[in-house]
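This is what each chain is made of:
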Amino acid sequence: MERLKQQIREHGKILSDKVLKLDALLNHQVEPSLIMEMGQEFARRFQGDNITKVITVESSGIPVAFATACHLGVPMVFAKRKKTLTTDEDCYMERVPSFTKGIVTDIMVSKSFLSPQDRLLFIDDIIANGDAARGLIRIIERAGSQLAGMGIVVEKSFQKGAQTIREQGIRLESLVNITGLTDGIIHFGS
């Protein structure tokens, strides 16, 4: 997606050779028309896969997952990261490290929102090491749901997260592939 690449070039901030800050377009502020365009592209790519729900992890994946669900005409569910007074006690939970936060958190999905009849499309903003993705995949497997595939807005292919997911035989589609963040330059792959 050329428009997305251009937005990353204009608004992305390289913090290190492994960290790209995308607060101006994905992680803090979002441009609705770009988000809807990304959702439309994921819906197009997974159109014939009989998706029953779109799933993501709180919080940065929610806008694109929502847009994708809108275009597919299906519900969206997201894994929560914090337990609250209203959190369903009957939930699937996994502990996952967060690359950008540098901490381990729990992700939870109420058992009432996943079933063996579900065919899920997992949408997320960025994949680096893939820890959160692997945690949500374990939840999906425990629920007996089918994972049709994953849609990732930004794949950092110089880190191994996407590769490890693909090695599990999971279809992973990314809108943008970043091959490196060296010398203050964002390097895009095909």
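Quick note: structure is the one above.
Residues numbered from 1 in each chain as written. Predicted model: local features only at pLDDT ≥ 70, side-chain atom pairs only at ≥ 80, totals over all residues. Heavy atoms only, no water.

## A closer look at the packing of aromatic side chains
The criterion, for reference: For this analysis, a ring pair means two rings from Phe, Tyr or Trp (six-membered ring only for Trp) whose centres lie within 6.5 Å, classed as stacked if their planes differ by under 30 degrees, edge-to-face if by over 60, and tilted for the remaining angles. Our definition puts a charge over a ring when NZ of Lys or CZ of Arg is within 6 Å of the ring centre and also within 35 degrees of the ring normal.
Considering all chains together, one arrives at 0 aromatic pairs under this definition. Above the ring of Y92, the side-chain terminus of K111 is found at 5.2 Å from the ring centroid. Its guanidinium or amino end placed over the ring of F46, R171 lies 4.1 Å from that ring's centre, counting from NZ or CZ.

## Looking at unusual backbone geometry
Here is the rule: A helix here means a DSSP run of H or I that spans at least four residues, while a strand means a run of E at least two residues long, and both kinds are numbered starting from the N terminus. Think of it in three bands: with a 1.4 Å probe and only protein chains considered, a residue is buried below 20% of the maximum accessible area for its type, exposed above 50%, and partly exposed in between.
In the segment running from E58 into S59, the intervening peptide bond is cis, with an omega of 5°. Here the phi dihedral of N50 falls at roughly 50°; this positive angle occurs in a residue that is not glycine. By the secondary structure assignment, N50 is in the loop between α3 (32-45) and β3 (53-57). For N50, a relative accessible area of 60% gives the class exposed. Phi angles above zero are rare outside glycine, and D183 is one such case at about 55°. Mapped onto the secondary structure, D183 falls in the loop between β9 (172-182) and β10 (185-188).

## Overview of the packing of α3 against helix α4 (residues 62-72)
The cut-off we apply is this: The axes used here are C-alpha line fits, helices contributing only the stretch in contact, and every angle between their N-to-C directions lies in the interval 0 to 180 degrees. With respect to orientation, any angle under 35 degrees is reported as roughly parallel, any angle over 145 as roughly antiparallel, any angle of 65 to 115 as roughly perpendicular, and every other angle as oblique. Each crossing gets its hand from how the near helix is turned against the far one by less than a right angle, where anticlockwise is left-handed and clockwise is right-handed. Two residues qualify as a contact provided that any one of their heavy atoms is within 4.5 Å of a heavy atom in the partner residue. Note that Gly is not counted as nonpolar here; it falls among the polar residues with everything else outside the nonpolar set of Ala, Val, Leu, Ile, Met, Phe, Trp, Tyr, Cys and Pro and the charged set of Asp, Glu, Lys and Arg.
Packing of α3 against α4 brings their axes to within 7 Å, and their N-to-C directions diverge by 55°. Classified by the interaxial angle, the pair formed by α3 and α4 is oblique. Judged by the sense of rotation from one axis to the other, the crossing of α3 with α4 is right-handed. For the pair formed by α3 and α4, the contact residues are I35, M36, M38, G39, Q40, F42 and A43 on the first element and P63, V64, A67, T68, C70, H71 and L72 on the second. Taken together, the residues of the contact of α3 with α4 break down into 10 nonpolar, 4 polar and no charged.

## Observations regarding the nonpolar core
Generally speaking, a soluble globular protein has its nonpolar side chains buried in company with each other. We apply this condition: Nonpolar cores are built from buried Ala, Val, Leu, Ile, Met, Phe, Trp, Tyr and Cys residues. Side-chain atoms within 4.5 Å join them into one set.
Counting 28 residues, the largest nonpolar core has L4, I8, L26, M38, V64, V153 and I178 as its most contacted members. Of all elements in the fold, only α1 (2-11), α2 (23-27), α3, α4, β7 (119-127), β8 (146-156) and β9 reach the threshold of two or more residues within this core. Apart from the residues within four sequence positions on either side, L26 is in contact with I35, M38, S60, V64, D125, V153 and V154. Core analysis: the next-biggest nonpolar cluster, separate from the first, contains 24 residues, I55, V57, V77 and I137 among them.

## A short note on the sheet that holds β9
Just so we agree on the cut-off: One bridge is not enough; two strands pair if DSSP finds at least two bridges between them.
Taking strand neighbours across the sheet as the criterion, the 6 strands line up as β4-β3-β7-β8-β9-β10 in an open arrangement whose pairing is mixed. Since the sheet does not close on itself, it has two edges, and those belong to β4 (76-79) and β10, each with one partner. Recorded for the sheet is a direction-independent mean angle of 30° between the axes of neighbouring strands. Direction of pairing for β9 relative to β10: antiparallel, over a ladder of 4 bridges. Bridged to G180 within β10 is H187. On the sheet, α1 packs against β8, β9 and β10 and is oriented at approximately 30° with respect to β9. Across the sheet, α4 is in contact with β3, β4, β7 and β8; its angle to β3 comes to roughly 180°.

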